[in-house]
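Listed below are the residues making up each chain.
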Amino acid sequence: MITYSAEGVKMPKIKKRETTAWIRAVAASYGKKVGEVGYLFCDDEKILEVNNAYLGHDYYTDIITFDYCEGNTLNGDIVISLDTIRTNAEKFGKDYDEELHRVIIHGILHLCGINDKGPGEREIMEAAENKALAQLTIKN
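Residues numbered from 1 in each chain as written. Predicted model: local features only at pLDDT ≥ 70, side-chain atom pairs only at ≥ 80, totals over all residues. Heavy atoms only, no water.

1. Side note on the pattern of salt bridges
In plain terms, the rule: Salt bridges are defined by distance alone: a side-chain nitrogen of Lys or Arg within 4 Å of a carboxyl oxygen of Asp or Glu. Elements are defined by DSSP. Helices are runs of H or I of four residues or more, strands are runs of E of two residues or more, and each kind is numbered from the N terminus. Exposure classes here rest on a 1.4 Å probe applied to the protein chains alone. A residue is buried below 20% of its type maximum, exposed above 50%, and partly exposed in between.
Per the stated rule, a full pass over the model turns up 7 salt bridges. Among the salt bridges present, the one from E7 reaches K46, with a minimum N-O distance of 3.4 Å. Of this pair, E7 sits in the loop between β1 (2–6) and α1 (16–29) while K46 sits in helix α2 (residues 44–55), placing them 39 residues apart in sequence. Overall, the relative accessible area of 38% leaves E7 in the partly exposed class. Residues R102 and E98 are paired through a salt bridge, measuring 3.8 Å at the closest nitrogen-oxygen approach.

The following block contains the structure:
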């Protein structure tokens, strides 16, 4: 089950049923199935609080993924700052909805085992994001 909630921000206008189907399809393309995945959309202050409390990091970020996967079943909590999504969309000249969907799937790709911190990993993650976005057929 995939759940969507918001704290301190309005729930983004995503089509939940279609987004959930897309997430499941992307996970399946990696041989994974979706178990319990919870999305929390928040503001920059909340994600900074989470980053400090759970990771010991004192900086803003667009997404934090907590991985509770078991075998091929994806389980996790994904915290997304809508403030940073908006800032990044403007900074990179991207559509807000595209950037939002990129970050939504970024968390799932982490749960599928794709990393983005080591040498060459960022390029692999970006390619996986682009492939997943190409599968997205919904437009908000």
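2. With respect to the packing of aromatic side chains
Threshold: Note on aromatic contacts: the rings of Phe and Tyr and the six-membered ring of Trp form a pair at centre separations within 6.5 Å, being stacked when their planes are under 30 degrees apart, edge-to-face when over 60 apart, and tilted otherwise.
Scanning all chains against the criterion turns up 3 aromatic pairs. Both rings, one in Y4 and one in Y39, keep their centres 5.5 Å apart while their planes meet at 10 degrees; by these two values the pair is stacked. One end of the pair, Y4, is in strand β1; the other, Y39, is in strand β2 (residues 33–42), with 35 residues separating them in the sequence. Both residues of the pair, Y4 and Y39, belong to the buried class. Note on Y54 and F66: the rings are 5.5 Å apart at their centroids and 75 degrees apart in plane angle, and the pair reads as edge-to-face.

3. Topic: the side chain of T19
Spelled out, the test is: A 3.5 Å cut-off defines polar contacts: any pair of N or O atoms within that distance qualifies, except that in protein one atom must be a possible hydrogen donor and the other a possible acceptor, and neighbouring residues in sequence count only when both atoms are side-chain atoms.
The topology assignment puts T19 in helix α1. Since its relative accessible area comes to 0%, T19 is described here as buried. At 2.8 Å, the side chain of T19 and the backbone oxygen of K15 are in polar contact.

4. Regarding the pairing of strand β3 (residues 63–67)
Using the following cut-off: Here, a strand pair is defined by DSSP locating no fewer than two bridges between the strands.
Relative to strand β4 (residues 73–81), β3 runs antiparallel, the two being bridged by 5 bridges. Across the sheet, T65 pairs through a bridge with I78, a residue of β4. Counting the residues between successive antiparallel strands, the hairpin from β3 to β4 contains 5 residues, one of them, G71, with a positive phi of roughly 60 degrees.

5. Quick word on the state of the cysteines
As a reminder, the rule being used: The definition used for a disulfide is geometric: two cysteine sulfur atoms within 2.5 Å.
Evaluation of the coordinates by the stated rule reveals 0 disulfides. Not engaged in a disulfide, the cysteine C69 finds its nearest cysteine sulfur in C112; these two sulfurs lie 7.6 Å apart. A residue is classified by how much of its surface remains accessible, and C69, at 26% relative accessible area, is partly exposed. Take C112: its relative accessible area is 12%, and that puts it in the buried class.

6. Quick word on the nonpolar core
What counts is decided by this rule: What makes a nonpolar core is a set of buried Ala, Val, Leu, Ile, Met, Phe, Trp, Tyr and Cys residues whose side-chain atoms join them at distances within 4.5 Å. Contacts: residue pairs with any heavy atoms within 4.5 Å of one another.
Counting 31 residues, the largest nonpolar core has W22, I23, Y39, F41, I80, I104 and I108 as its most contacted members. Of all the elements in the fold, those that place two or more residues in this core are β1, α1, β2, β4, α3 (82–92), α4 (96–111) and α5 (121–135). Ignoring sequence-local partners within four residues, the contact set of Y39 consists of I2, T3, Y4, S5, I23, I78, I80, I104 and I108. Grouped together as the second largest cluster of nonpolar side chains are 7 residues, C42, I64, F66 and V79 included.

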